[in-house]
Amino acid sequence: MPHNINLNRINKSRIFDVDFDNIGFGKVFSDHMFIADFDGQHWSNPSILPYGNFSLSPATSALHYGQSIFEGMKAFRGENEVFLFRPSDNLKRLNISGERMVMPAFPEDLFMVALLQLIDLDRAWIPPADKGTLYIRPYMFATDDFIGVKPSEKYRFAIFTCPVGPYYAKPLKVKVEEHFSRSAPGGVGFTKCSGNYAGAMYPTKIAQSEGFDQVLWTDPLTHTYVEETGTTNFFAVFHDHIATPALSDTLLSGLTRDSSIQVLRHLGYRVEERKISVHELFEANNNGTLKELFISGTAATLINIETLAYRDQIINLVTENSQNVTQIIKSKLDDIRTGKSENFQNWRVTVPSVIQ
Ligand code: COI
């Protein structure tokens, strides 16, 4: 189906105020955004317009009952081109989240047209390859003004973008969380709904007050198997294989997780998706078979955990060495995303240069 997107351009770009050397993460927003509204039947009025505030009723359903889902993606600057990485898979996951949260699916053809136009229009906002990437935030929230617990009829879908540097600047200190839970079997842990992140803030704040960067969630029933961190999936590199928790309804199916598994296997590593107990990690550390721990996410990319704490036990791992699997896989993934690798070419989508 052809989609005509209304275009209302900014009068004067803010790009000249941006310092790509000190960009941080999530603080600077590009000139334009995309919005579309669901009226109970159809997505209508798809528009690209200047980045700016929404006007919302105080009774907006998403604010009270939490029907709100999102995605995280990036655009990468290649030598002569701009690329997106597996964008359809992000939309698939958004629509999986939406189904669980009783929200309408967003059509893939409209998503791709809107995304490519928006990134094309704001391509100057993509930092130089050595300075960062353009983070892309598609999301949807319920807009009925209504008090009462029932699915909204109306929704807004939006995409805005921000030039970003690293989410984490250095290897992490992580605490195994065994009191609080992020999700439960039958719950919404596999979705990227906003509430999953809100619920994680209190335990994370406690961990941060104890000197940690993040928590590593454990299974909600026994608190003995690791699941994911507050912002990413989790991997352990053992002497003869790499393991990551198997997917279930309590953890998010990360695209960087999936891409890392596929690239690692392509490179000849044995990767197991299975249960990993806290006990196994500490035992492997004690007998010298645990080599690295790392996390994977779109925002965080791939980064090592240098310290993992569980009660009074600590794993300290050396992260600076040339054999570091995390660095090897990170640079392979970067090459795929920026067009330097011939492998996994179908993961890259070129952003055509159309808008003048
Ligand atoms: C992402 O990795 O894109 C996320 O949405 C995680 C969030 C902590 C920024």
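Remember, it's a predicted structure, so these values are computed and weren't measured experimentally. (Residues numbered from 1 in each chain as written. Predicted model: local features only at pLDDT ≥ 70, side-chain atom pairs only at ≥ 80, totals over all residues. Heavy atoms only, no water.)

Draft legend 1. Representation of the pattern of salt bridges within the structure. Under the defined criterion, the tally for this structure stands at 21 salt bridges. For Asp240, the salt bridge identified is with Arg270, shortest N-O distance 3.6 Å. Of this pair, Asp240 sits in the loop between β12 (233–238) and β13 (242–245) while Arg270 sits in the loop between α5 (255–266) and β14 (271–274), and the two are 30 residues apart along the sequence. Its relative accessible area of 41% is what places Asp240 among the partly exposed residues. Arg270 sits in the partly exposed class, given a relative accessible area of 41%. (Salt bridge = Lys/Arg side-chain N within 4 Å of Asp/Glu carboxyl O. Helix = DSSP H or I, 4+ residues; strand = E, 2+ residues; numbered from the N terminus. Buried < 20%, exposed > 50% of the residue type's maximum accessible area, 1.4 Å probe, protein only.)

Draft legend 2. Representation of the site of the ligand within the structure. Every residue close to the ligand is listed here: Phe70, Gly72, Tyr135, Arg137, Tyr167, Lys192, Thr231, Thr298 and Ala299. Note that an oxygen atom of the ligand is positioned 2.9 Å from one of the side-chain N or O atoms of Lys192. Calculation on the ligand without its partners gives an accessible area of 280 Å², and the protein chains cover 89% of this total. Grouping the amino acids of the shell around the ligand by side-chain chemistry returns 4 nonpolar, 3 polar and 2 charged. (Near = heavy atom within 4 Å. Polar contact = N/O pair within 3.5 Å; in protein donor to acceptor, adjacent residues only side chain to side chain. Areas by Shrake-Rupley, 256 points an atom, 1.4 Å probe, with all protein chains shown as cover. Nonpolar A, V, L, I, M, F, W, Y, C, P; charged D, E, K, R; others polar.)

Draft legend 3. Examining the domain arrangement of the protein chain more closely. Partitioning the protein chain into structural domains gives domain 1 (6–165) and domain 2 (172–336). The C-alpha-based centres of domain 1 and domain 2 are spaced at 27 Å. The interface is formed by 18 residues belonging to domain 1 together with 21 residues belonging to domain 2. It is Phe70, Arg93 and Arg100 in domain 1 that bury the most area against domain 2; as a group they hold 37% of the surface buried on that side. At the boundary of domain 1 and domain 2, one finds 1 salt bridge. We note a salt bridge from Asp258 to Arg86, for which the minimum N-O separation is 2.9 Å. Contributions of two or more residues to the side of domain 1 that touches domain 2 are made by β4 (68–70), β5 (73–77) and α2 (87–100). Top contributing element to the side of domain 1 that touches domain 2 by residue count: α2, with 6 residues. (Domains from an automatic or database assignment. Contact = heavy atoms within 4.5 Å. Buried area = accessible area lost by both parts, 1.4 Å probe.)

Draft legend 4. Region of the structure containing the side chain of Ser97. Locating Ser97 in the fold gives a position in helix α2. Given the relative accessible area of 1%, Ser97 is considered buried.

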